[in-house]
Amino acid sequence: MILSMVLVFLLILLLVLILFFMFAILLPALKTQSFSVDNPLFSEMELKYVIPDTEQHTDITKRAVVLCSPDKKFSTQRLNYNPGQSCKIISQTYESLNDCRFSCIGLGDCVKVCPQEAIVIKNDTAVVTNLCCGCGNCIEACPKHIIKLLPLNTKAYEMCSNTEESLTECSDYKKMQNIEIPIKKGFKIWRTCYRMFTRS
């Protein structure tokens with residue numbers, strides 16, 4: 001009995017303190033606070049970092065596809081490399097790790113910029129999974145420019161971006177292939193929310 005009375009007394013005391021704080025301190029402080037348009041919170045230079053110049057839009061009717069087959073084979077590999085290196089550095093220095101200068105380098109520059117974690121590396125080639133939301137971040141990150149947004153209903157495509165007539169040892173040179181979408185498990189509710197809120 002005494003314990004319940006003490007708990008009720010403490011609860012009432014807590015409510016009184018909260019009300020006192022709101023009416024005696026918080027509300028008067030808000031009334032005296034002046035907001036001026038001439039004196040903004042951020043300067044124009046700071047706003048460039050807070051608000052990006054270009055908005056990133058997603059296109060849920062499309063998905064990214066890497067125009068390089070993960071099933072490709074080469075008889076020889078030109079270079080050995082460290083997995084920690086960047087596709088951009090390899091592209092600028094050596095152009096490619098094999099005899100096709102259009103092939104995916106596979107060091108994961110696109111993986112790092114994907115907000116959905118929808119890209120995996122298979123056989124030194126980036127592969128886009130079912131989690132892709134069509135944001136296009138990977139297109140800008142790829143130094144080879146071999147990632148393209150295709151409609152979701154595209155079943156087959158020429159999975160090769162080689163535009164030269166020169167011969168290559170690539171086993172999948174200019175082959176039309178069925179687009180296989182690897183299934184990568186993710187939180188469906190978060191993916192749905194992401195698509196709803198990023199829809200333009």
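Quantities reported herein were computed from a predicted structural model and do not represent experimental measurements.

Scoring rules and cut-offs
Residues numbered from 1 in each chain as written. Predicted model: local features only at pLDDT ≥ 70, side-chain atom pairs only at ≥ 80, totals over all residues. Heavy atoms only, no water. Helix = DSSP H or I, 4+ residues; strand = E, 2+ residues; numbered from the N terminus. Buried < 20%, exposed > 50% of the residue type's maximum accessible area, 1.4 Å probe, protein only. Contact = heavy atoms within 4.5 Å. Areas by Shrake-Rupley, 256 points an atom, 1.4 Å probe, with all protein chains shown as cover. Salt bridge = Lys/Arg side-chain N within 4 Å of Asp/Glu carboxyl O. pLDDT = per-residue confidence, 0-100. Patch = residues over 30% accessible without salt bridge, like charges linked within 9 Å, V, L, I, M, F, W, Y side chains within 5 Å. Core = buried A, V, L, I, M, F, W, Y, C linked by side-chain atoms within 4.5 Å. Pairing = 2+ DSSP bridges. Arc of directions from axis to C-beta. Polar contact = N/O pair within 3.5 Å; in protein donor to acceptor, adjacent residues only side chain to side chain.

Let us look at the overall build of the protein. Secondary structure assignment for the protein yields six helices and six strands. The helix and strand sequence of the protein, counted from the amino end, reads α-α-β-α-α-β-β-α-β-β-β-α. Evaluated residue by residue, the protein yields a buried proportion of 30% over its 200 residues. Relative to all contacts within the protein whose residues are 6 or more apart in sequence, the contacts with residues 24 or more apart total 64%. Taken as a whole, the protein presents about 14500 Å² of accessible surface, with 63% of it coming from carbon and sulfur.

A complete count under the given rule lists two salt bridges for this structure. For the salt bridge of Lys 122 with Asp 71, the shortest nitrogen-to-oxygen distance reads 3.9 Å. A residue pair is termed long-range when its members are at least 10 positions apart, and Lys 122 in strand S2 (residues 119–122) and Asp 71 in the loop between strand S1 (62–66) and helix H3 (87–94) qualify at 51 residues. Look at Asp 71 and you get partly exposed, because its relative accessible area is 40%.

For the rest of this paragraph, the subject is the confidence of the model for the protein. With 71% of its residues at a pLDDT of 70 or more, the protein has an overall mean of 78. Here residues 51–55 is a poorly scored stretch, pLDDT under 50, and it has zero contacts once near neighbours within four places are set aside; other chains count.

Taken together, Leu 11, Leu 14, Leu 15, Ile 18, Leu 19, Phe 20, Phe 21, Met 22, Phe 23, Ile 25, Leu 26 and Leu 27 make up a surface patch of nonpolar side chains, about 1200 Å² in accessible area. Its place among the elements puts Leu 15 in helix H1 (residues 2–32). With relative accessibility at 49%, the residue Leu 15 sits in the partly exposed group.

Here Thr 129 lies in the loop between strand S3 (125–128) and helix H5 (137–141). Residue classification places Thr 129 among the buried residues on the basis of a relative accessible area of 2%.

Take the nonpolar core next. General note: in soluble globular proteins, nonpolar side chains tend to be found buried as a group. Counting 21 residues, the largest nonpolar core has Val 66, Ile 119, Ile 146 and Ile 147 as its most contacted members. The set of elements that each furnish at least two residues to this core consists of S1, S3 and strand S4 (147–151). When residues of this core are assigned to their parent elements, the largest contribution, three residues, is made by S1. Each residue touching Val 66, except ones within four places of it in the same chain, is listed here: Cys 104, Ala 126, Val 128, Ile 146, Ile 147 and Met 159.

As a further point, take the environment of Thr 168. As for its placement among the helices and strands, Thr 168 is situated in the loop between strand S5 (156–158) and strand S6 (176–178). Placed 68 residues apart in sequence, Thr 168 and Cys 100 show a C-alpha to C-alpha distance of 6.2 Å. When neighbours within four sequence positions are excluded, Thr 168 is seen to be in contact with Phe 74, Asp 99, Cys 100, Asn 162 and Tyr 173.

Of all five residues that make up S1, four are buried, and the element is covered over most of its length. Pairing analysis gives five bridges linking S1 to S4, with the strands arranged antiparallel. Each residue of the ladder has a partner; that of Val 65, found in S4, is Lys 148.

Let's shift gears to H3. The complete set of buried residues in H3 reads Cys 87, Ile 90 and Ser 91. With its buried residues spanning 100 degrees around the axis, H3 presents them on a single face. Summarising the contacts, the buried residues of H3 are in contact with helix H4 (109–113). Its side-chain oxygen at 3.1 Å from the backbone nitrogen of Lys 88, Ser 86 defines the N-terminal cap of H3. Looking one or two residues past H3, Glu 95 carries a phi angle of roughly 75 degrees, positive in sign.

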